[in-house]
Amino acid sequence: MVLDMATSRNRITKAVIPAAGLGTRFLPATKSTPKEMLPVVDKPAIQYVVEEAVTAGLSDVLMVTGRNKRPLEDHFDRNYELEEVLRTKGDAAKLTRVQESSDLATMHYVRQGDPRGLGHAVLCAAPHVGDQPFAVLLGDDLIDPRDPLLSRMTAVQQERGGSVIALMEVPPETIHLYGCAAAAPTGQDDVVRVSDLVEKPTEAEAPSNLAIIGRYVLDPAVFEVLRKTQPGRGGEIQLTDALQALASDPSLGGPVHGVVFGGRRYDTGDRGDYLRAIVRLACEREDLGPDFREWLRGYVSKEM
Ligand code: UTP
């Protein structure tokens, strides 16, 4: 009985998706449209992220939103007018597509008044999350649905406790774009023990080429640490700084481990990666792929 209570208290059921950033790398598209709503083929980027959370068993989703982010809420809500038009026309396929996003998960929203950084956005989730480990998925980071990452991270967290971050090997000359982990091997090939984290280090400062990517499974102790975290780089409260405190003192909230991801990932907040995501996912789609691949082959051979 005691064991059951402990197990249910530690089960991961909630996902937090910070989506309150300004998206300045994508201006002017993001002047009045959230970058998370930009379509990747025919679905907004954020829908892939919510689908990923649900596939990993997390159907309670809290989205941290801000100014101009109303379309995010509308996308995951019913649109009765549109549904009625499609129903009257007898267009069942399109009706299903419209309803998919509103039937996906139990959605909750909290607003981050000022975008004071990713750490501050995560702190806005504290009242909803309570005292359980929870997942964080960045709204502009897209993990290919065929390369599961989050379910592996939740399994590692359940096995080892504490917090788990997602890491990816990147070319050393690009490490200054990411948070970077100092890590030691464990008995498992894809799991490392994290001892230190540095936000956007120079190539010379970087302790490794392991970059932090936008998936986390966090112990709730992170909230207390975030409350004490001073604004860091760029005047923002950095999640990496709070994780660094957890990694260097396991008495705060258990160890920090990293799952090293070798699959396909796109930063849809970056224009180049956004284009690559669309081309790749479109090529692989059963309905669009055959025609699109043929066109692309011709384009590449003639124009490039
Ligand atoms: P980014 O570093 O991509 O920042 O945030 P940004 O403001 O969204 O985009 P750029 O760099 O200006 O183009 C990483 C994630 O953290 C969220 C963003 O929405 C994104 O999912 N975030 C960032 C917040 O929710 N609040 C913040 O204050 C900052």
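Residues numbered from 1 in each chain as written. Predicted model: local features only at pLDDT ≥ 70, side-chain atom pairs only at ≥ 80, totals over all residues. Heavy atoms only, no water.

A count of helices and strands for the protein chain gives twelve helices and 13 strands. Compactness check: the protein chain gives a C-alpha radius of gyration of 20 Å against a globular reference of 19 Å for 304 residues, within 12% of the reference. Of all 304 residues assigned to the protein chain, the portion counted as buried reaches 48%. In the structure as shown, the protein chain presents an accessible area of about 15,200 Å², 52% of it carried by carbon and sulfur atoms. (Helix = DSSP H or I, 4+ residues; strand = E, 2+ residues; numbered from the N terminus. Rg over C-alpha atoms; globule rule 2.2 N^0.38 Å. Buried < 20%, exposed > 50% of the residue type's maximum accessible area, 1.4 Å probe, protein only. Areas by Shrake-Rupley, 256 points an atom, 1.4 Å probe, with all protein chains shown as cover.)

With that out of the way, let us pick up a nonpolar patch on the surface. A cluster of nonpolar side chains, Trp295, Tyr299, Val300 and Met304, forms an exposed patch at the surface whose accessible area comes to about 460 Å². In this structure, Trp295 sits in helix H12 (residues 289-303). Relative accessible area serves as the criterion here: at 49%, Trp295 is assigned to the partly exposed category. (Patch = residues over 30% accessible without salt bridge, like charges linked within 9 Å, V, L, I, M, F, W, Y side chains within 5 Å. Salt bridge = Lys/Arg side-chain N within 4 Å of Asp/Glu carboxyl O.)

Orientation of helix H9 (residues 221-228) relative to helix H10 (residues 239-248), taken along the N-to-C sense of each, is 115°, at an axis distance of 9 Å. Every pair of crossing elements has a handedness; the one defined by H9 and H10 is right-handed. In this structure, H9 contributes Ala221, Val222, Val225 and Leu226 to the contact, and H10 contributes Leu239, Ala242, Ala245 and Leu246. In terms of residue class, the contact of H9 with H10 is made up of eight nonpolar, no polar and no charged. (Axes fitted to C-alpha atoms, helices over the stretch in contact; angles between N-to-C directions. Left-handed = near helix turned anticlockwise from the far one by under 90°. Contact = heavy atoms within 4.5 Å. Nonpolar A, V, L, I, M, F, W, Y, C, P; charged D, E, K, R; others polar.)

It is the contact of helix H4 (residues 80-89) with helix H5 (residues 92-103), at a shortest axis distance of 9 Å, that shows an interaxial angle of 160°. Accordingly, the angle class assigned to the pair H4 and H5 is roughly antiparallel. Both H4 and H5 take part in a crossing whose hand is left-handed. Counting all contacts with H4, which are made through Leu82, Glu83, Leu86 and Arg87, the residues of H5 involved are Lys94, Leu95, Val98 and Gln99. Its residues placed into classes, the contact of H4 with H5 shows four nonpolar, one polar and three charged. (Parallel < 35°, antiparallel > 145°, perpendicular 65-115°, else oblique.)

What follows is about unusual backbone geometry. In this chain, Leu27 is followed by Pro28 through a cis amide linkage whose omega measures 5°. By secondary structure assignment, the location of Pro28 is in the loop between strand S1 (14-18) and strand S2 (39-40). We note that Val41 has phi near 65°; this positive angle belongs to a residue other than glycine. Topologically, Val41 is positioned in the loop between S2 and strand S3 (43-44). A positive phi is found at Lys200, a non-glycine position, where the angle reads about 45°. Within the element layout of this structure, Lys200 appears in the loop between strand S10 (191-199) and strand S11 (210-218).

Glancing now at the site of the ligand. Taken together, the neighbourhood of the ligand is formed by 19 residues, with Thr24, Arg25, Lys35, Gln112 and Gly117 sitting nearest. Interatomic distance of 2.7 Å between a side-chain N/O atom of Lys35 and an oxygen atom of the ligand. At 3.3 Å from an oxygen atom of the ligand is found a main-chain nitrogen or oxygen belonging to Arg116. Within the complex, 82% of the 570 Å² of free accessible area of the ligand lies under protein. Its residues assigned to classes, the shell around the ligand shows eight nonpolar, six polar and five charged. (Near = heavy atom within 4 Å. Polar contact = N/O pair within 3.5 Å; in protein donor to acceptor, adjacent residues only side chain to side chain.)

Now for the nonpolar core. Ranked by internal contacts, the top residues of the largest apolar core, which has 35 residues, are Phe134, Ile165, Tyr216 and Val222. Apart from residues no more than four positions distant in its own chain, Val222 is found in contact with Phe134, Leu239, Ala242 and Leu246. One finds Val50, Leu150, Met153 and Val217 within the second-largest nonpolar core, a separate group that totals 32 residues. (Core = buried A, V, L, I, M, F, W, Y, C linked by side-chain atoms within 4.5 Å.)

Next up on the list: the pairing of strand S6 (residues 134-137). Here S6 shows no split at all, with Phe134 and Val136 on one side and Ala135 and Leu137 on the other all buried. Pairing of S1 with S6, which is carried by two bridges, proceeds in the parallel orientation. Opposite Ala15, over in S6, you have Ala135 as the bridge partner. (Pairing = 2+ DSSP bridges.)

Here the focus is the side chain of Asp273. Among the structural elements, Asp273 can be located in helix H11 (residues 271-284). Reaching out from Asp273, the side chain makes a polar contact with the backbone nitrogen of Asp267 at a distance of 2.7 Å. Asp273 has contacts with Arg265, Tyr266 and Asp267, leaving out every residue within four places of it along the chain.

Across the six residues that make up strand S4 (residues 60-65), a large majority, six, are buried. Along S4, one buried face is formed by Asp60, Leu62 and Val64 and the opposite face, lined by Val61, Met63 and Thr65, is buried too. With six bridges connecting them, S4 and strand S5 (residues 106-111) associate as parallel partners. Bridge assignment links Met63 to a residue of S5, and that residue is Tyr109.

Here we take up the pattern of salt bridges. Under the counting rule described, the total for this entry stands at 21 salt bridges. Its salt-bridge partner being Arg25, residue Asp140 comes within 4.0 Å of it at the nearest N-O pair. Linking Asp140 in the loop between S6 and strand S7 (141-143) with Arg25 in the loop between S1 and S2, this pair joins segments that are 115 residues apart in sequence. You can call Asp140 buried: its relative accessible area is 12%. Of the charged contacts in the structure, one is a salt bridge between Asp190 and Arg152, with a shortest N-O distance of 2.6 Å. Here Asp190, found in the loop between strand S9 (179-185) and S10, pairs with Arg152, found in helix H8 (residues 150-160); they are 38 residues apart in sequence, far enough to count as distant. With a relative accessible area of 23%, Asp190 lands in the partly exposed category. Several salt bridges share partner residues, and in doing so they unite Asp144, Arg146, Asp147, Arg264 and Glu284 into one network.

Any functional reading would require information beyond the geometric quantities listed.
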